[in-house]
Amino acid sequence: MSTPRFRSLRPVRHAVPGDGTALGELDRAAWSTLHSVQPRPQPPYEPFFDDRHPPGDFLVADAVTGTGEVRPAGYLRLARPTPLACNAHVRQIQGLAVADWARRRGVARTLLRASVAEARRLGAGRLTLRVLGHNTAARALYAAEGFAVEGVLPGEFFLGGRYVDDVLMGRSLTA
C-alpha cells in the first residue's frame, strides 16, 4: 500500500463500529515500545472494538489525502479510569495513535484538544493519562496542552532491554 499524501484534517468525530478494521490496522502499524507495554500484535488479530473498548470511547481524526480519499489519521481512547462512582468526575486518555503518514501535522494535538472538549461535555472535572518516561515527544505535547506530571512509577516496565518509568499526568478541566 502506498503512503497517502496528507491534504487536510477533518473535524474529530466519534468512532462507529465500521471503523474497527481501519483503526486496528492503524493501531498495529503505529505499535512501538515507545508507547506500548503490550507485546507486538500478532495474527490472528483480536477485534479492535469489544465490550471493554466500545466505539463510543474513541475519537477519530480523519484526514483527506492528496487523492481526496478520507482515511483515519489517528485516534484517541477516552474512558473512565474506574467504574467507581467516586471517580466519575475523571476521564482518562487510554490510548492515542497517529498514522506514520500523518505525523507532525497536528493530528495528536487536535485529538487531545477534542478529548478535553469531550470530557468537559461529559461533565468531567479532570483528565488524566499515563505515558512512558522515555516518550519525550509525547510528554512535551501533553505538557504544552496543560497536563502536568502528577506522579512517576520508576522502572515500572521492562521494555527493549531496559526499565522504563510510568509517568502519570493530569489536568483540571474546570479552569
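Asks: Just checking my understanding: could you explain the overall build of the protein for this structure?
Replies: The helix and strand tally for the protein stands at three helices and eight strands. Counting helices and strands in the order they occur from the N terminus, the protein gives β-β-α-β-β-β-α-β-α-β-β. Whereas a compact globule of 175 residues would reach a radius of gyration of roughly 16 Å, the protein reaches 16 Å, a difference of no more than 12%. For the protein, the C-alpha atoms occupy an extent of roughly 45 × 40 × 35 Å along the three principal directions. With 175 residues in all, the protein has 42% of them scored as buried. Taking the intrachain contacts of the protein between residues at least 6 apart in sequence as the baseline, contacts between residues at least 24 apart amount to 63%. Approximately 9900 Å² of the protein is accessible, and the part contributed by carbon and sulfur atoms is 52%. Taken as two groups, the 23 positive and 16 negative side-chain charges of the protein have centres that lie 7 Å from each other.

Asks: Looking at this structure, I do not really get the packing of aromatic side chains. What am I missing?
Replies: How two aromatic rings sit relative to each other is set out by the distance from centre to centre and by the angle between their planes. Counting across every chain of the model gives eight aromatic pairs. For the pair F48 and Y75, a centre-to-centre distance of 5.3 Å together with 80° between the ring planes defines the contact as edge-to-face. Within this pair, whereas F48 is found in the loop between helix 1 (20-30) and strand 3 (58-65), its partner Y75 is found in strand 4 (residues 70-79), the two being separated by 27 residues in sequence. By relative accessible area, F48 is classed as buried at 16%. Ring pairs connect the aromatic residues F48, F49, F58 and Y75, which therefore count as one cluster. Seen from the ring of Y45, R28 lies directly overhead, with NZ or CZ sitting 3.8 Å from the centre.

Asks: Is there a simple way to explain the side chain of S115 in this structure?
Replies: Within the element layout of this structure, S115 appears in helix 2 (residues 107-121). S115 gets classed as buried once you look at its relative accessible area, which sits at 0%. S115 has contacts with L59, L76, L78, I93 and L127, leaving out every residue within four places of it along the chain.

Rules of the game
- Residues numbered from 1 in each chain as written.
- Predicted model: local features only at pLDDT ≥ 70, side-chain atom pairs only at ≥ 80, totals over all residues.
- Heavy atoms only, no water.
- Helix = DSSP H or I, 4+ residues; strand = E, 2+ residues; numbered from the N terminus.
- Rg over C-alpha atoms; globule rule 2.2 N^0.38 Å.
- Buried < 20%, exposed > 50% of the residue type's maximum accessible area, 1.4 Å probe, protein only.
- Contact = heavy atoms within 4.5 Å.
- Areas by Shrake-Rupley, 256 points an atom, 1.4 Å probe, with all protein chains shown as cover.
- Lys, Arg positive; Asp, Glu negative; His and termini not counted.
- Charge placed at Lys NZ, Arg CZ, Asp CG, Glu CD.
- Phe/Tyr/Trp six-rings, centres within 6.5 Å; stacked < 30°, edge-to-face > 60°.
- Lys NZ or Arg CZ within 6 Å of the ring centre and 35° of its normal.

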